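Here's the letter readout for the chains.
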Amino acid sequence: MERRPRRNRASQAIRDLSQETHVTANDLIYPLFLLEGSHKKTEVKSMPGIFRLSIDLMLKEMEECLKLGIKGFDVFPVVEDFHKDKLATKSYDRGFFYLQALQTIKKEFPEALIITDVAMDPYSSDGHDGIVKDGKILNDETLDVLGQMALAQAETGIDMIGPSDMMDGRVGHLRNVLDEAGFSHVGIMAYTAKYASAFYGPFRDALDSAPKFGDKKTYQMNPANRKEALIEAELDYIEGADVLMVKPALSYLDVISDLKANYDLPIAAYNVSGEYAMIKAAGLQGWLDADRVRDEVLLSIKRSGADMILTYFAKEFCSKTRA
Ligand code: PBG
């Protein structure tokens, strides 16, 4: 036998030296859930170990994460029902706690990459990512709201917006709005291939943002479709996106790999709430070694072509690999 692949697996040393893929803190973005007020911390039931935090506690959390080497954060607001309306007007109210908190965060940690979420659902009484009229999600009218939201977020000093709404034309629209207002330095991480997925369940618990009727299938992609992701990627590329994202990650590794092969922009993957919850739940039951499964999952997402991974595992991964 001339070829014996097992020689390169014979010791830890050769395994380490021949390892093709590595995951480090440099690859990870930590999603955070922001509560209004102060001294508030509530666990997300379906996401053990993940807490909604008020700004004072979130600053502490971010400081710990920065010490662990995590540089990117995606901050989502938990909005009380009485703030919600059909047009998501709180999303661009400069006095609203989310926008105020973003300002504080950037002042405190100018070196961190702060990403914001652009979509109507956390602020919408309909629980949809766009404006609802007669049971339909209006595309072009929604762009106007998203533009106002993005602008208000950019004014806080954040580094990058993350349009997660899946309206057509929104990347180009947001790019124009930002450029015209003097925010050409603010980046866009486009949720390029965002699928209509059941894996978002725990996130909707965290934000209490589930749709009040119907589902999101008229704007989020059909999980059966692979080529369609290339159409979305082409549009986001042309419209000026800086990063292309695939979401969820695990069931869509083929799509991550396609985008990596076809585009020279950095590719992000969102290892979503349900993917986190499954591993945690099985780990708590004693059915899986959750730490090893976590590491294997993150590796697989990186191996498939993701340059960066949004993951609720970011902090624990970095704590454990340091120890
Ligand atoms: C909504 C949004 C969702 C997530 C991020 N932004 C859920 C949805 O589309 O209903 C999901 C993230 C996760 O599950 O971790 N704009």
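Report on the accompanying structure. Note that the structure is predicted; figures quoted are calculated from it, not measured.

## Looking at the site of the ligand
Item 1. Residues in contact with the ligand amount to 17 residues; listed here are only the nearest, Arg204, Lys216, Lys247, Ser273 and Tyr312.
Item 2. Contacts to the ligand include Lys194, whose side-chain N or O atom sits 2.8 Å from an oxygen atom.
Item 3. Each residue belonging to the shell around the ligand can be placed in one class, and the counts come to eight nonpolar, three polar and six charged.

## Points about the pattern of salt bridges
Between side chains of opposite charge, a pair can form as their charged atoms come close.
Item 1. Scanning the entire structure with this criterion turns up 23 salt bridges.
Item 2. Put simply, Asp81 and Lys84 hold a salt bridge, and the shortest N to O gap is 3.8 Å.
Item 3. By relative accessible area, Asp81 is classed as partly exposed at 47%.
Item 4. Within this structure, Lys280, Asp291, Arg294, Asp295, Glu316 and Lys320 form a network of salt bridges that share partners.

## A few points about the packing of aromatic side chains
Item 1. Tallying each qualifying case throughout the model produces twelve aromatic pairs.
Item 2. When the centroid spacing of 6.3 Å and the interplanar angle of 50° are considered together, the rings of Phe33 and Phe76 count as tilted. On the criterion of sequence distance, the pair formed by Phe33 in strand β1 (residues 28–35) and Phe76 in strand β4 (residues 72–77) is long-range, its members being 43 residues apart.
Item 3. Phe76 gets classed as buried once you look at its relative accessible area, which sits at 1%.
Item 4. Measuring from centroid to centroid gives 6.3 Å for Phe96 and Tyr123, while their planes differ by 55°, and the two rings are tilted. A residue pair is termed long-range when its members are at least 10 positions apart, and Phe96 in the loop between β4 and α3 (97–108) and Tyr123 in the loop between β5 (113–118) and β6 (131–133) qualify at 27 residues.
Item 5. Here Phe96 falls in the buried class, since its relative accessible area comes to 4%.
Item 6. Under the relative-accessibility criterion, Tyr123 is labelled buried at 1%.
Item 7. In this structure an aromatic cluster arises from ring pairing among Phe33, Phe76, Tyr191, Phe203, Tyr270, Tyr276, Tyr312 and Phe313.
Item 8. Above the ring of Phe203, the side-chain terminus of Lys247 is found at 5.9 Å from the ring centroid.

## Looking at unusual backbone geometry
Item 1. A cis amide bond, omega -10°, links Lys247 with the succeeding residue Pro248.
Item 2. In this fold, Pro248 is placed in the loop between β10 (243–247) and α8 (253–262).
Item 3. Despite not being glycine, Met166 has its phi angle at roughly 70°, a positive value.
Item 4. With respect to the helices and strands, Met166 occurs in the loop between β8 (160–163) and α5 (170–180).
Item 5. Look at Met166 and you get buried, because its relative accessible area is 4%.

## A few points about the packing of helix α2 (residues 55–67) against α3
Item 1. Axis separation between α2 and α3 bottoms out at 11 Å; the angle between their running directions is 35°. Taken as a pair, α2 and α3 cross one another with a handedness that is right-handed. Packed against α2, whose contacting residues are Ile55, Met58, Leu59 and Met62, the element α3 presents Ala101, Thr104, Ile105 and Glu108 at the interface.

## Focus on the pairing of strand β9 (residues 187–194)
Residues in a regular strand point their side chains to alternate faces of the sheet.
Item 1. Across the eight residues that make up β9, a large majority, eight, are buried.
Item 2. Direction of pairing for β8 relative to β9: parallel, over a ladder of two bridges. Bridge pairing links Ile161 to Ile188 in β9.
Item 3. Here β9 runs beside β10; their pairing, made up of five bridges, is parallel. Looking across to β10, one finds that Ala193 is bridged to Val246.

## Here's the deal with α8
Item 1. Among the residues making up α8, those that are buried are Val255, Ile256, Asp258 and Leu259. Projected onto a plane normal to the axis of α8, the buried residues spread over an arc of 160° and lie on a single side.
Item 2. Considering only its buried residues, α8 is in contact with β9, α7 (228–239), β10, β11 (267–271) and α10 (290–303).

## Quick word on the nonpolar core
Item 1. Of all hydrophobic cores here, the largest spans 106 residues; its most connected members are Phe33, Phe73, Ile114, Ile161, Met189 and Tyr270.
Item 2. What Tyr270 contacts, discounting residues up to four positions off in sequence, is Pro31, Phe76, Tyr191, Phe203, Met245, Val246, Lys247, Pro248, Ala249, Glu275, Leu310 and Tyr312.

## Things to note about α5
Item 1. Looking at α5, one finds that the buried residues are Arg170, Val171, Gly172, Leu174, Arg175 and Leu178.
Item 2. Contacts made by the buried residues of α5 are with β5, α4 (140–155), β8, β9 and α7.
Item 3. Backbone geometry just after α5 places Gly182 at a positive phi near 90°.

## Here we look at the state of the cysteines
Item 1. According to the stated counting rule, one finds zero disulfides in the structure shown.
Item 2. No disulfide involves Cys65; its sulfur sits 7.9 Å from the nearest other cysteine sulfur, which is in Cys318.
Item 3. Since its relative accessible area comes to 0%, Cys65 is described here as buried.

About the criteria used
- Residues numbered from 1 in each chain as written.
- Predicted model: local features only at pLDDT ≥ 70, side-chain atom pairs only at ≥ 80, totals over all residues.
- Heavy atoms only, no water.
- Near = heavy atom within 4 Å.
- Polar contact = N/O pair within 3.5 Å; in protein donor to acceptor, adjacent residues only side chain to side chain.
- Nonpolar A, V, L, I, M, F, W, Y, C, P; charged D, E, K, R; others polar.
- Salt bridge = Lys/Arg side-chain N within 4 Å of Asp/Glu carboxyl O.
- Buried < 20%, exposed > 50% of the residue type's maximum accessible area, 1.4 Å probe, protein only.
- Phe/Tyr/Trp six-rings, centres within 6.5 Å; stacked < 30°, edge-to-face > 60°.
- Helix = DSSP H or I, 4+ residues; strand = E, 2+ residues; numbered from the N terminus.
- Lys NZ or Arg CZ within 6 Å of the ring centre and 35° of its normal.
- Axes fitted to C-alpha atoms, helices over the stretch in contact; angles between N-to-C directions.
- Left-handed = near helix turned anticlockwise from the far one by under 90°.
- Contact = heavy atoms within 4.5 Å.
- Pairing = 2+ DSSP bridges.
- Arc of directions from axis to C-beta.
- Core = buried A, V, L, I, M, F, W, Y, C linked by side-chain atoms within 4.5 Å.
- Disulfide = S-S within 2.5 Å.

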